[in-house]
Amino acid sequence: MEPLDKHRQEDFVQQLFGSIAKRYDLLNAIFTLNQDTYWRNFATEKANVAAGHSVLDVCCGTGKLSIALAEKVGPNGRIIGLDFSENMLQQAKENIKKTSYKQTITLMQGNALYLPFADNSFDCATIGFGLRNVANIKRALSEMVRVIKPGGTVLSVELSKPSAPIIKQLYYLYFEHLLPLLGNLGFNKNQPYYNLPASLRTLPEHSVIQDLFIQVGLEQVNYYQLTGGIAAVHLGIK
Ligand SMILES: C[S@@+](CC[C@H](N)C(=O)[O-])C[C@H]1O[C@@H](n2cnc3c(N)ncnc32)[C@H](O)[C@@H]1O
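Residues numbered from 1 in each chain as written. Predicted model: local features only at pLDDT ≥ 70, side-chain atom pairs only at ≥ 80, totals over all residues. Heavy atoms only, no water.

A. Region of the structure containing the pattern of salt bridges. As enumerated under the stated definition, the model contains eight salt bridges in all. One salt bridge in this structure joins Lys 64 and Asp 25, with 4.0 Å as the shortest N-O distance. Of this pair, Lys 64 sits in helix α5 (residues 64-73) while Asp 25 sits in helix α3 (residues 24-31), placing them 39 residues apart in sequence. With a closest N to O distance of 3.1 Å, Glu 45 and Lys 72 form a salt bridge. Separated by 27 residues along the polypeptide, Glu 45 in helix α4 (residues 35-46) and Lys 72 in helix α5 bring together distant segments of the chain. (Salt bridge = Lys/Arg side-chain N within 4 Å of Asp/Glu carboxyl O. Helix = DSSP H or I, 4+ residues; strand = E, 2+ residues; numbered from the N terminus.)

B. The arrangement of a nonpolar patch on the surface in detail. There is a patch of nonpolar side chains on the surface, built from Ile 166, Leu 170 and Leu 173 and spanning about 310 Å² of accessible area. Following the sequence through the fold, Ile 166 ends up in helix α8 (residues 165-178). (Patch = residues over 30% accessible without salt bridge, like charges linked within 9 Å, V, L, I, M, F, W, Y side chains within 5 Å. Areas by Shrake-Rupley, 256 points an atom, 1.4 Å probe, with all protein chains shown as cover.)

C. Fine view of unusual backbone geometry. In this model, Asn 48 sits at a positive phi of 55°, which is unusual for a non-glycine residue. Backbone geometry places Asn 120, a non-glycine residue, at a positive phi of 55°. Secondary-structure assignment places Asn 120 in the loop between β3 (105-109) and β4 (122-128).

D. Region of the structure containing the packing of aromatic side chains. Summed over the entire model, instances satisfying the criterion amount to five aromatic pairs. For the pair Trp 39 and Phe 129, a centre-to-centre distance of 6.3 Å together with 45° between the ring planes defines the contact as tilted. Here the residue Trp 39 occupies a position in helix α4, and Phe 129 occupies one in the loop between β4 and α7 (137-147), the gap between them amounting to 90 residues. Taking relative accessible area as the criterion, Trp 39 reaches 1% and is therefore assigned buried. Aromatic side chains Phe 42 and Tyr 224 sit 5.4 Å apart centroid to centroid with 70° between the ring planes, which places their arrangement in the edge-to-face category. One end of the pair, Phe 42, is in helix α4; the other, Tyr 224, is in strand β6 (residues 219-226), and 182 residues separate them in sequence. Residue Tyr 224 is classed as partly exposed on the basis of its relative accessible area, which comes to 26%. Taken together, Tyr 38, Phe 42 and Tyr 224 form an aromatic cluster joined through their ring pairs. (Phe/Tyr/Trp six-rings, centres within 6.5 Å; stacked < 30°, edge-to-face > 60°. Buried < 20%, exposed > 50% of the residue type's maximum accessible area, 1.4 Å probe, protein only.)

E. Spotlight on the pairing of β3. Taken together, the five bridges between strand β2 (residues 78-83) and β3 define a ladder with parallel strand orientation. Within β3, the residue paired with Gly 81 across the bridge is Leu 107. With helix α6 (residues 86-97) bridging β2 and its parallel neighbour β3, the resulting β-α-β unit is right-handed. (Pairing = 2+ DSSP bridges. Right-handed = clockwise from strand over helix to strand, strands pointing away.)

F. A look at the site of the ligand. Of all residues adjacent to the ligand, which total 20 residues, the nearest are Tyr 24, Cys 59, Asp 83, Ala 112 and Gly 128. In this structure, an oxygen atom belonging to the ligand sits 2.6 Å away from a side-chain N or O atom of Tyr 24. Considered on its own, the ligand offers 600 Å² of accessible surface; in the complex 98% of this is hidden by protein. When contributions to the shell around the ligand are tallied by element, the ones reaching two or more residues are α2 (10-20) and α3. Per-element tally for the shell around the ligand: the top contributor is α2, with three residues. (Near = heavy atom within 4 Å. Polar contact = N/O pair within 3.5 Å; in protein donor to acceptor, adjacent residues only side chain to side chain.)

G. Quick peek at the sheet that holds strand β1 (residues 54-58). Strand order in this open sheet of seven strands is β3-β2-β1-β4-β5-β7-β6, and the pairing throughout is mixed. Edge positions in the sheet fall to β3 and β6, since each has one partner strand and no second. Shown here is a sheet whose adjacent strand axes are inclined to one another by a mean of 15°, direction ignored. Both strand β5 (residues 148-159) and strand β7 (residues 231-237) contribute to a ladder of seven bridges, which runs antiparallel. In the sheet register, Val 154 faces β7, and the bridge partner there is Gly 236. Contacts from α5 reach β1, β2, β3, β4 and β5, with the element oriented near 165° to β2. (Axes fitted to C-alpha atoms, helices over the stretch in contact; angles between N-to-C directions. Contact = heavy atoms within 4.5 Å.)

H. Molecular detail of α4. In this model α4 runs 17 Å from its N-terminal to its C-terminal C-alpha over 12 residues, within 8% of the 16 Å that 1.5 Å per residue would give. Where α4 is concerned, the buried positions are Asp 36, Trp 39, Arg 40, Phe 42, Ala 43 and Thr 44. Buried positions along α4 lie against α3, α5, β5, β6 and β7. Where α4 terminates, the next one or two residues include Asn 48, which has phi positive at roughly 55°. (Expected span 1.5 Å × (residues − 1).)

Shown next as structure tokens:
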């Protein structure tokens, strides 16, 4: 296994997602046993988003969370989906085309660590399954705080390490033993799912992410564990 720091090198991450963009949605559904949609919907419900709001969806990937948020903000709201992978954004464009939210969602290429927006621009900033991939989690969260208005919400939905004993054992059995067998289906060490078990092992605990939310200046910080703690939603108010 390569060390996580290496995985976090931005060009490496960018290239990895670029290489699987077309298959990302399918792979996600398979690997999470279709729970990813439920996790995004739960996050959307908790994001304090209402009609007319403006929301920044950082690390938007193929746009699934942006689309769920678009339903909440309605025709007078706006969603900006930002990602640094051109291929993931292209796939997002395809996904959005199939919805009625083409006017609501704008896609932008950019870096989560250097958001190209003025302070206090959005009502909410979300990051879906992105914290694990950014080179500096605290910096990404600080940027999200900077660009939301006072009273706005920062929310992350991310895979996570379960703490309940039986679920924990099943989880590592699945991710560390069953998932690598997919190597036989053509996943090699240059593709993101090969590295998933390592990146999950080194993912900060729920409480550490909660502390980071507090350190970047958020208040009323709270988190929810989903599907026995396999995923978690963290949120805080500016
Ligand atoms: C696991 S995908 C998540 C996609 C989507 N949010 C979802 O709900 O499925 C992570 C995404 O983060 C993007 N990413 C990672 N680091 C980034 C950064 N520093 N700036 C912008 N995008 C980044 C990758 O290109 C990839 O599309």
